[in-house]
Amino acid sequence: MEIRYLLFTIFVSVFFSKSIGVVGLKSPVEEVSDAKELKKILRTKNNVLVCFISSEKEATNILKIIRETADSIKGQGTMLVVECSGEGKKLCRKLKVAPEPYVLRHYMNGEFHKLYDRKESAASMISFMRNPTGDIPWEEDEETTDVVHLPEPGSLQRLLKKESRPILVMFYAPWCGFCKTLKPEYSAAASELKGTHILAAIDVYRPENVGIRMKYNISGFPTLLYFHNNEVKYTFEGRNKKEDIIKFMKDPSSFNAESKEEEWSDGDNDVVHLSSSVFDDVLKAEESALVMFYAPWCGHCKKMKPEYEKAASQMKTEKVNGILAAVDATKEIDIAKRFGVKGYPTIKYFQLGEFKWDVPLLREANTILEFMRDPKEPPPPPPPEPSWEEVPSEVVHLDVENFKPFLKKKKHALVMFYAPWCGHCKMAKPEFQDAAEDVKDDPKMAFAAVDCTKHSSLCQTVGVTGYPTIKYYSYYSKESNIDYSGGRKKSDFIEFLKKMSLASKGSKNVKEEL
């Protein structure tokens, strides 16, 4: 009887461990080996991370992380394992995956999204699976090592109790645009003040940190509080610049007194300043109203303010129907969010409280006045330019997946790393395309491009710091990762590749020249 029970127990244990895919992993991780099975999962699940492994033995550490992640994201994402040396061999060949010892690929809405590009830890993987299209968490940025990142309330309290040095804590939300602008300046200040002061940061948008928001009355992001001897002493109210943060930390009491500017609403002008408590009531009573959403620190807003005040005064003198109003979007966050304000200044037109149009081109008093005399819907903006990938050419557009495989097949390749908004990139593109056209029949030569706004992790990996960055590769060897610094005309590109071709054939003069 005991033997039967023991056999039954072993059977049940093995059955359930097999059902999650990998024997020994007691977590909701499923092993997939068939293409149809994978396709079915991707069709029914919209957030899937697949770990392709060479063998279970060689991928022990990553499987442990996969298991921990799966335990934490139940209902939010799906974790799969494909063993390429076993039953999944055919599937791996079909997908052209060769794990050494593993490859992590993420799929969204049934399609390949990206290679996993975060730290290989459970915390990072959980964060990624909860928001796979979001930015890399601030604490994982290698350039912010001097900022003390606080994951939860306990770590903040421990820091405040043990440290005698002055501490500045940035309370932020990962989606906050102002926070993203401040982060590099804050990190640079932390590095310069290292040893004498502490700059810390805590994401108070995490559910576990809601209590911190309430305790310190954090109503806007970012909020920067100065602590000394475990007490809040000051709030940083300066510009979001490294030099201002450093100056504040060295003398916080005098800095705030010097840097605090008079609020726009305190000035004597004819602009109607709106808060959330009166916003709807005031606008419903006005047949015509122009509202400027601004941020006090915004340079474009500061430039526009006197023009806006001048127009408001002229409207009053000439008895032009309507009002000019303003909203400080850093204080009235709910209103700004309600109307989708994402940049400053944002100008919106209302009639009897109903939003009508965005009017982005109004910046000077005369154009504002002209519009308010006869409000009309602005013409639609011109259609956006097609992306470079959509323009037919012989330039090959690369991403994380095809970057190495493509370059490994080319003896001589120039790759332009660019941003669509970059003016210098736009000037170089037609010349680059013409050069690509000239060598299209040469299988050993190629011109390629990478959009760094879409493939930022790839551009960071190869050391791109500005646009355009043009690099030379030869069969993708590390030694061939050479920055191209020549001219940006078709003839310059072609001449460079010809020289590299001669050098590879052993031309002594060309080698010395290069």
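Just so it is clear, the model here is predicted, and its values are computed rather than measured.

Thresholds applied
Residues numbered from 1 in each chain as written. Predicted model: local features only at pLDDT ≥ 70, side-chain atom pairs only at ≥ 80, totals over all residues. Heavy atoms only, no water. Pairing = 2+ DSSP bridges. Helix = DSSP H or I, 4+ residues; strand = E, 2+ residues; numbered from the N terminus. Axes fitted to C-alpha atoms, helices over the stretch in contact; angles between N-to-C directions. Contact = heavy atoms within 4.5 Å. Patch = residues over 30% accessible without salt bridge, like charges linked within 9 Å, V, L, I, M, F, W, Y side chains within 5 Å. Areas by Shrake-Rupley, 256 points an atom, 1.4 Å probe, with all protein chains shown as cover. Salt bridge = Lys/Arg side-chain N within 4 Å of Asp/Glu carboxyl O. Lys, Arg positive; Asp, Glu negative; His and termini not counted. Charge placed at Lys NZ, Arg CZ, Asp CG, Glu CD. Buried < 20%, exposed > 50% of the residue type's maximum accessible area, 1.4 Å probe, protein only. Disulfide = S-S within 2.5 Å. Core = buried A, V, L, I, M, F, W, Y, C linked by side-chain atoms within 4.5 Å. Parallel < 35°, antiparallel > 145°, perpendicular 65-115°, else oblique. Left-handed = near helix turned anticlockwise from the far one by under 90°. Nonpolar A, V, L, I, M, F, W, Y, C, P; charged D, E, K, R; others polar.

(A) Inspection of the sheet that holds strand β5 (residues 111-115) at higher detail. The strand order across the open sheet formed by 5 strands is β1-β3-β2-β4-β5, and the pairing between neighbours is mixed. Each having just a single partner strand, β1 (29-31) and β5 make up the two edges of the open sheet. Between one strand and the next, the sheet's axes are offset by a mean angle of 30 degrees, whatever the strand orientation. As defined by bridge partners, β1 adjoins strand β3 (residues 78-83) across 3 bridges and the pair is classed as parallel. Across the sheet, the residue bridging to Glu30 is Leu80, located in β3. Each of β2 (47-53), β3, β4 (102-108) and β5 touches helix α5 (residues 122-130); the most contacted strand, β2, lies at about 140 degrees to it.

(B) Structural view of a positive patch on the surface. A surface patch of like charges, here positive, comprises Lys36, Lys39, Lys40, Arg43, Lys89, Lys90, Arg93 and Lys94. Structurally, Lys94 is set in helix α4 (residues 89-95). Classification of Lys94 as exposed rests on a relative accessible area of 62%.

(C) Main features of the pairing of strand β15 (residues 354-358). Judged from the 4 bridges that link them, strand β14 (residues 346-351) and β15 form a sheet pairing that is antiparallel. The partner of Phe350 across the bridge, within β15, is Phe355.

(D) Region of the structure containing the state of the cysteines. On inspection of all chains with the given rule, the structure shows 2 disulfides. Paired through a disulfide, Cys84 and Cys92 show a sulfur-sulfur distance of 1.9 Å. Taking the torsion about the S-S bond as the criterion, the Cys84 to Cys92 disulfide, at about -75 degrees, is left-handed. Side by side, Cys84 and Cys92 carry an identical accessibility label, which is buried. Two residues, Cys452 and Cys459, share a disulfide whose sulfurs are 2.1 Å apart. One disulfide, between Cys452 and Cys459, carries an S-S torsion of -90 degrees and so falls in the left-handed class. The pair Cys452 / Cys459 is uniform in exposure class, with both members buried. When the cysteines engaged in disulfides are numbered in sequence order, the protein chain pairs them as 1-2, 3-4.

(E) Expanded view of the sheet that holds strand β11 (residues 272-273). Strand order in the open sheet formed by 5 strands is β11-β13-β12-β14-β15, and the pairing between neighbours is mixed. Both outer strands of the open sheet, β11 and β15, are each paired with one neighbouring strand and no more. In terms of strand pairing, strand β12 (residues 289-294) meets strand β13 (residues 323-328) through 6 bridges, oriented parallel. Following the sheet pairing, Ala289 is matched in β13 by Ile323. In this fold helix α14 (residues 365-373) packs onto β12, β13, β14 and β15, with an angle of close to 140 degrees to the strand it touches most, β12.

(F) A look at the nonpolar core. Counting residues in each nonpolar core, the largest one holds 83 residues, and the members touching the most others are Phe171, Tyr186, Phe279 and Leu290. In contact with Tyr186, not counting residues within four places along its chain, are Trp138, Val147, Leu168, Val169, Met170, Leu199, Ala200, Leu224 and Ile245. Trp388, Phe432, Ala436 and Met445 belong to the second-largest nonpolar core, a separate cluster that totals 24 residues.

(G) Spotlight on the environment of Pro184. Topologically, Pro184 is positioned in helix α7 (residues 177-192). Taking C-alpha positions, Pro184 is 7.9 Å from Thr144, a pair spaced 40 residues apart along the chain.

(H) How the structure looks around the pairing of β12. Burial runs high along β12: 6 of the 6 residues are buried. Alignment of β12 against β14, held across 5 bridges, turns out to be antiparallel. Counted as the bridge partner of Phe293 is Thr346 from β14.

(I) How the structure looks around the packing of helix α16 (residues 423-438) against helix α18 (residues 490-504). At their nearest, the axes of α16 and α18 sit 8 Å apart, and the two run at 45 degrees to each other. Considering their axes alone, α16 and α18 lie oblique with respect to each other. Every pair of crossing elements has a handedness; the one defined by α16 and α18 is right-handed. Mapping the contact onto sequence places Glu431, Phe432, Asp434, Ala435 and Asp438 in α16 and Lys490, Phe493 and Ile494 in α18. By residue class, the composition of the contact of α16 with α18 is 4 nonpolar, no polar and 4 charged.

(J) Highlighting the packing of α7 against helix α9 (residues 242-250). Packing of α7 against α9 leaves a shortest axis separation of 8 Å and a crossing angle of 45 degrees. With respect to α9, the element α7 is oriented oblique. As α7 runs across α9, the sense of the crossing is right-handed. Each of Leu182, Glu185, Tyr186, Ala188, Ala189 and Glu192 in α7 lies in contact with α9, whose residues at this interface are Lys242, Ile245 and Ile246.

(K) Quick look at the environment of Leu115. Within the fold, Leu115 resides in strand β5. Take Leu115: its relative accessible area is 24%, and that puts it in the partly exposed class. As for Leu115 and Glu401, which are separated by 286 residues in sequence, their C-alpha atoms are 7.6 Å apart. Setting aside chain neighbours within four positions, we find Leu115 in contact with Val103, Leu104, Arg105, Val400 and Glu401.

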